[in-house]
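This is what each chain is made of:
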Amino acid sequence: MSTVTKLELIYEGKAKKVYATSDPDCCIVSYKDDATALDGLKKGTIAGKGAINNRMSNLLMRMLEQNGVPTHLVEELSERDTLVKKVEIVPLEVIVRNCSAGHFAQRYGVPEGMVFDEPTLELCYKNDALHDPLLNDSHALALGLTTKQELETIRTLALRVNALLKDFWKQRGVDLIDFKLEFGRLPDGSIVLADEISPDTCRFWDSATHEKLDKDRFRRDMGGVEAAYQEMMTRLTKPNGGEQA
């Protein structure tokens, strides 16, 4: 177990708090039960969400690391706290879609659930004041948000993450519809996967019934939000009656 000490709060987002630590190369991320949607207009609480998202993210990132995807994960400290490498977040939201849903379906006037022949990848400028607008590679480079080499690395890693997660969840009776990733730069300039992987950042549908098992239940006032998060945790940790990841 790490001996680092949690120091001052350096950032608080919609779903997490980030603290400085006694190790200047690491931070502690603390997951909250707070929930927001519709660009922050809808706010609420999902009981137990923080603990589930913390555990799920860590188990999935460890699996990804074992399959060649570098991440910011260092060590899970408690039910809600995780020690991570300190990174400079690349101000891009990377969205990988395997099926049409959410904004994609609305934007292009297609029904939800249309399966794509191959995954699509979208970039958004991570900027709350501008409402995270869509952009392309040229925009990202013109704004100085990243470099060509970083973009190539990010795309390669995002599609690798998709392939691994899609197969992982399929074995557990879940279709990975789409998800959001964020990446960070280490001091040496290398790119690693950061942020989280959870029902907050992914769309999960039951493979047989297409029941939504993610934050859409909160966004759309569908009810059963806590049960959906718990169901995803159960499928992650006990797919065959025993914990594995």
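These figures come from a predicted structure and were not determined experimentally.

Draft legend 1. Up close: the packing of aromatic side chains. Considering all chains together, one arrives at four aromatic pairs under this definition. Between the aromatic rings of W169 and F204, the centroid separation amounts to 5.0 Å while the plane-to-plane angle is 55 degrees, which identifies the pairing as tilted. Of the two residues, W169 sits in helix 4 (residues 148–170) while F204 sits in strand 14 (residues 202–206), which places them 35 residues apart along the sequence. The two residues W169 and F204 agree in class, both being buried. Three or more aromatic residues link up through ring pairs in this structure, and these residues are F104, Y108 and F116. Above the face of the Y19 ring, K6 is positioned so that its terminal group lies 4.4 Å from the ring centre.

Draft legend 2. Here's a closer look at the environment of N58. Of note, N58 is situated in helix 1 (residues 49–66). We classify N58 as buried; its relative accessible area is 7%.

Draft legend 3. Here's a closer look at the side chain of D175. Structurally, D175 is set in strand 12 (residues 174–185). Its relative accessible area of 17% is what places D175 among the buried residues. Of the polar contacts made by the side chain of D175, one reaches the side chain of K170; its length is 2.8 Å. Apart from the residues within four sequence positions on either side, D175 is in contact with K170, R203, F204, W205 and S207.

Each value, and the rule that gives it
- Residues numbered from 1 in each chain as written.
- Predicted model: local features only at pLDDT ≥ 70, side-chain atom pairs only at ≥ 80, totals over all residues.
- Heavy atoms only, no water.
- Phe/Tyr/Trp six-rings, centres within 6.5 Å; stacked < 30°, edge-to-face > 60°.
- Helix = DSSP H or I, 4+ residues; strand = E, 2+ residues; numbered from the N terminus.
- Buried < 20%, exposed > 50% of the residue type's maximum accessible area, 1.4 Å probe, protein only.
- Lys NZ or Arg CZ within 6 Å of the ring centre and 35° of its normal.
- Polar contact = N/O pair within 3.5 Å; in protein donor to acceptor, adjacent residues only side chain to side chain.
- Contact = heavy atoms within 4.5 Å.

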